[in-house]
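# Remarks on the overall topology
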Number of protein chains: 2
Amino acid sequence: MERVEHRACFGGWQDVYRHASSVLGCTMQFAVYLPPQAAHGPCPVLYWLSGLTCTEQNVITKAGAQRYAAEHGIILVAPDTSPRGEAVADADGYDLGQGAGFYVNATQAPWAANYRMYDYVVDELPALVEAGFPATDARAVSGHSMGGHGALVVALRNPGRYRSVSAFSPIVAPSQVPWGEKAFSAYLGEDREAWKRYDATELVKGAREKLPLLVDQGDADEFLHGQLRPELLQAAAAAAGHPLVLRLQPGYDHSYYFVASFIGEHIAHHASALRG
Amino acid sequence: MERVEHRACFGGWQDVYRHASSVLGCTMQFAVYLPPQAAHGPCPVLYWLSGLTCTEQNVITKAGAQRYAAEHGIILVAPDTSPRGEAVADADGYDLGQGAGFYVNATQAPWAANYRMYDYVVDELPALVEAGFPATDARAVSGHSMGGHGALVVALRNPGRYRSVSAFSPIVAPSQVPWGEKAFSAYLGEDREAWKRYDATELVKGAREKLPLLVDQGDADEFLHGQLRPELLQAAAAAAGHPLVLRLQPGYDHSYYFVASFIGEHIAHHASALRG
C-alpha cells in the first residue's frame, strides 16, 4: 500500500492510497479521511460509494464531509467505482465499464475477469482498512446514485456487517431502469433471477435484518423518474415492514451540492449508530 | 445577464451567471450563492477572489463555504480570475494571461485591452450584484493565493468600501516574488513604482484606514517560502501599526482542503463585521 496524497484537513488528514487489489486484479486507489481522534485511538469507519464516472476524488473534494467526520471522530473511506487500467475491460459510454462497476461481481465475459466490486467493497477493502489504519470493525455505509444502490445492496445482503446505511439519490431498482438493465445485462447476463441479489427493491423483501434505511432524494433530480424511482423501494419496504425513511428534498438536483447539503445529517445518523 | 447554473444548496441557491463585461470587453461568468435569508430580504455580500488557474467553479465546488453563508445569511460572489475568450490575449504557462489576471488594471500591450480585473472586481461586479440580487452594499472580501493578494489590495486601496478583509495563503508581496515579478512586468511594465499600488506589503505602509487583516497560512504550503512570504507583510504591518492577525496553521498545504478547514472561521469573522 502506497500513500499518494496526504493533506491536512479539519485537524485530521485526507489521504489517498494506491494498492494492488487481488480481488480486482489491478491497481486501485482509495481515499481515507483520518479525523483528529484517530491520532489517539481507533475510530469507526463510514464507507462511501460513489456514482457513475466518479473516482475516489469526487467525494473528498466536493462533499465537505470531512468537517462532520472530524466532529464525530469517524474515518471516511472512499473507493474508486470500478477496476481500472489498460488491461481492464472497458466500454464506450459513461454507464458501463471503467467508472461504472455497479458494485457487482460480474459473471460474464469480458467483465468477470476484473469486475468484482462487490467483493472488493464488502471484504478486501475493509480488511485492508482495519489492518492498516486506526480503525475499529464498526462499519457504516453510504453512497450516491450508483453508489447509493451499492450501499443499500451491501448492507441488505450482509446482516450484522454494517451498523447503519444511508443513500443519496440511489438507483433503488436497477432491474427496472435503463442504467441497471444495461449494466446488469453486461455484467450478469440475461437471467434476471441473478439480478435480484443486486437490487435493493428485491433484497428488502427478504432481508433477515431490519436495518433502517435512510434515503435522501432531491425532487428536482433530472434522473428521478427515469433511473432512480424511489417509490419502488418505498412500496417494497412498506410491504415487507422494513424501516425506511425516504426524504424528498424540495428543489435539489443530482449534484454534489445536494450531497453536501445533507451529508452532515447522514454522518450524524451514522455516528449515533457507530458510537452509540 | 443570463443564469447558466441554478442548484439548490443548503437551503439556498448556488447560481452561475454569464454577462458581457464592459470593463473587460468580453463575456464573463461569476458565481452567486444566495442563502435562504435572501428570499426574505437583502443580505450583505462576501466577494471571493480565486487563485491562479481557477474559474468561478473552484470555490463553489471545493470550499464548502455555502454551509456557513447559509448559517450567517451572507451572499457569496465569486468572479473568474481573468478576462476570457479567443479574442483575449493569453500566454503559455499557468501564471500569466487567462486564469492569471492578478487583479490589476494592465497598462502594457497586449494586456491593457482586456486585463482590468481590478476595476471589474472593485466597481463593475459589485454594481451588477447590488442592482440584480437581494444584496445590500455591505461588502467583505476574501480570497486564496493570487486571490488573497487581490483581496488585500482592493481592501487596502478602498477605505470604507469593505467592512472586512481576509486571505488564505496570499501572495502578500508580489513585487518581491517570481509569480508577481513575471505578471507585473507583463501587465504593468518595468517601472516598479507602478507595482506598489498592487502590492499589499507596500500598501499597508500608507493605508488611511486601519482595517484589520486576517490571514491564514499553512506551514506545509509548498509555495510558502518562494512565493507567499507572509513575514514581509507582517513586518510592514508592524512597522505601520496596521492590525494584522497572521495565523500559521501547522501541517496545512496550499490546497482547498486548507481553505475548507478554515473558511467557516473566516465567514464568521466577516459576518460579525457585515451584520454587527
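One can find the structure itself at the top, above this paragraph.
Scoring rules and cut-offs
Residues numbered from 1 in each chain as written. Chains lettered and ligands numbered in written order. Predicted model: local features only at pLDDT ≥ 70, side-chain atom pairs only at ≥ 80, totals over all residues. Heavy atoms only, no water. Helix = DSSP H or I, 4+ residues; strand = E, 2+ residues; numbered from the N terminus. Rg over C-alpha atoms; globule rule 2.2 N^0.38 Å. Buried < 20%, exposed > 50% of the residue type's maximum accessible area, 1.4 Å probe, protein only. Contact = heavy atoms within 4.5 Å. Areas by Shrake-Rupley, 256 points an atom, 1.4 Å probe, with all protein chains shown as cover. Lys, Arg positive; Asp, Glu negative; His and termini not counted. Charge placed at Lys NZ, Arg CZ, Asp CG, Glu CD. Least-squares fit on C-alpha atoms with pLDDT ≥ 70 in both. Pairing = 2+ DSSP bridges. Axes fitted to C-alpha atoms, helices over the stretch in contact; angles between N-to-C directions. Expected span 1.5 Å × (residues − 1). Bend = angle between axes of the 7 residues up to and from the residue. Polar contact = N/O pair within 3.5 Å; in protein donor to acceptor, adjacent residues only side chain to side chain.

### Topic: the overall build of chain A
The helix and strand tally for chain A stands at nine helices and nine strands. Over its C-alpha trace chain A gives a radius of gyration of 17 Å, about what one expects of a compact globule, namely 19 Å for 276 residues. Overall, the C-alpha framework of chain A stretches about 50 × 40 × 35 Å when taken along its three principal axes. When burial is assessed residue by residue, chain A has 62% of its 276 residues classed as buried. Across chain A, every contact between residues at least 6 apart in sequence was considered, and the portion connecting residues at least 24 apart equals 71%. Surface accessibility of chain A: about 9,700 Å² in total, with carbon and sulfur atoms responsible for 51%. In chain A, 21 positive and 29 negative side-chain charges are present, and the distance between their average locations comes to 5 Å.

### With respect to the relation of the copies chain A and chain B
Here chain A sits on chain B after a turn of 180° about the axis and a move of 0.0 Å along it, with an RMSD of 0.0 Å. Such values leave the two copies arranged in the relation of a two-fold axis.

### Points about the sheet that holds strand E5 (residues 75-79) of chain A
Residue and element names in this part refer to chain A. Taken in spatial order, the nine strands make up an open sheet running E1-E2-E3-E5-E4-E6-E7-E8-E9, and their pairing is mixed. This sheet does not close on itself; its edge strands, each paired only once, are strand E1 (2-9) and strand E9 (244-249). Here the strands of the sheet are splayed against their neighbours by 20° on average, with no regard to which way each runs. Summarising the sheet, strand E2 (residues 12-21) and strand E3 (residues 26-34) pair through nine bridges and their orientation is antiparallel. Note on E3: the bridge partner recorded for Val-16 is Ala-31. Contacting strand E4 (43-49), E5, strand E6 (135-143), strand E7 (164-168), strand E8 (213-218) and E9, helix H9 (residues 256-275) runs over the sheet at an angle of about 175° to E7.

### With respect to the pairing of E5(A)
Residue and element names in this part refer to chain A. For E5, the tally of buried residues reaches five of five residues, placing the bulk of the element in the interior. With burial as the criterion, each face of E5 is covered, one bearing Ile-75, Val-77 and Pro-79 and the other bearing Leu-76 and Ala-78. As paired strands, E3 and E5 are joined by four bridges and run antiparallel to one another. Across the sheet, the residue bridging to Tyr-33 is Leu-76, located in E5. Both E4 and E5 contribute to a ladder of three bridges, which runs parallel.

### Quick word on the sheet that holds strand E9 (residues 244-249) of chain B
What links the strands of a sheet is backbone hydrogen bonding, and the strands pair in either a parallel or an antiparallel sense. Across the sheet, which stays open at both edges, the nine strands sit in the order E1-E2-E3-E5-E4-E6-E7-E8-E9 (chain B) with mixed pairing between neighbours. Only two strands of the sheet have a single neighbouring strand rather than two, namely strand E1 (2-9) and E9 of chain B. Each neighbouring strand pair of the sheet contributes to a mean axis angle of 20°, computed without reference to strand direction. Alignment of strand E4 (residues 43-49) of chain B against strand E6 (residues 135-143) of chain B, held across six bridges, turns out to be parallel. Within the sheet, the bridge partner assigned to Leu49(B) lies in E6(B) and is Gly143(B). Taken strand by strand, H9(A) contacts E1 and strand E2 (12-21) of chain B, and its axis lies near 30° from that of E1(B). Across the sheet, helix H4 (residues 146-157) of chain B lies against E4, E6, strand E7 (164-168) and strand E8 (213-218) of chain B, angled at about 130° from E6(B), the strand it touches most.

### Things to note about the environment of Val77(B)
Residues and elements named next belong to chain B. Mapped onto the elements, Val-77 comes out in strand E5 (residues 75-79). When its relative accessible area of 1% is taken as the criterion, Val-77 is described as buried. The sequence separation of Val-77 and Val-59 amounts to 18 residues, and the corresponding C-alpha distance is 10.0 Å. Sequence-distant contacts of Val-77, defined by excluding residues within four places in its chain, comprise Phe-30, Ala-31, Val-32, Val-45, Leu-46, Tyr-47, Trp-48, Leu-125 and Val-129.

### Considerations on H9(A)
Residues and elements named next belong to chain A. Relative to the 28 Å expected for 20 residues at 1.5 Å per residue, H9 spans 27 Å between its end C-alpha atoms, a close match to the ideal helical length. Phe-262 marks where H9 bends most, by close to 45°. Among the 20 residues of H9, 14 are classified as buried, and the element is accordingly described as predominantly covered. The distance from a side-chain oxygen at the start of H9 to the backbone nitrogen of Tyr-257 is 3.1 Å, and the residue carrying that oxygen is Ser-255.

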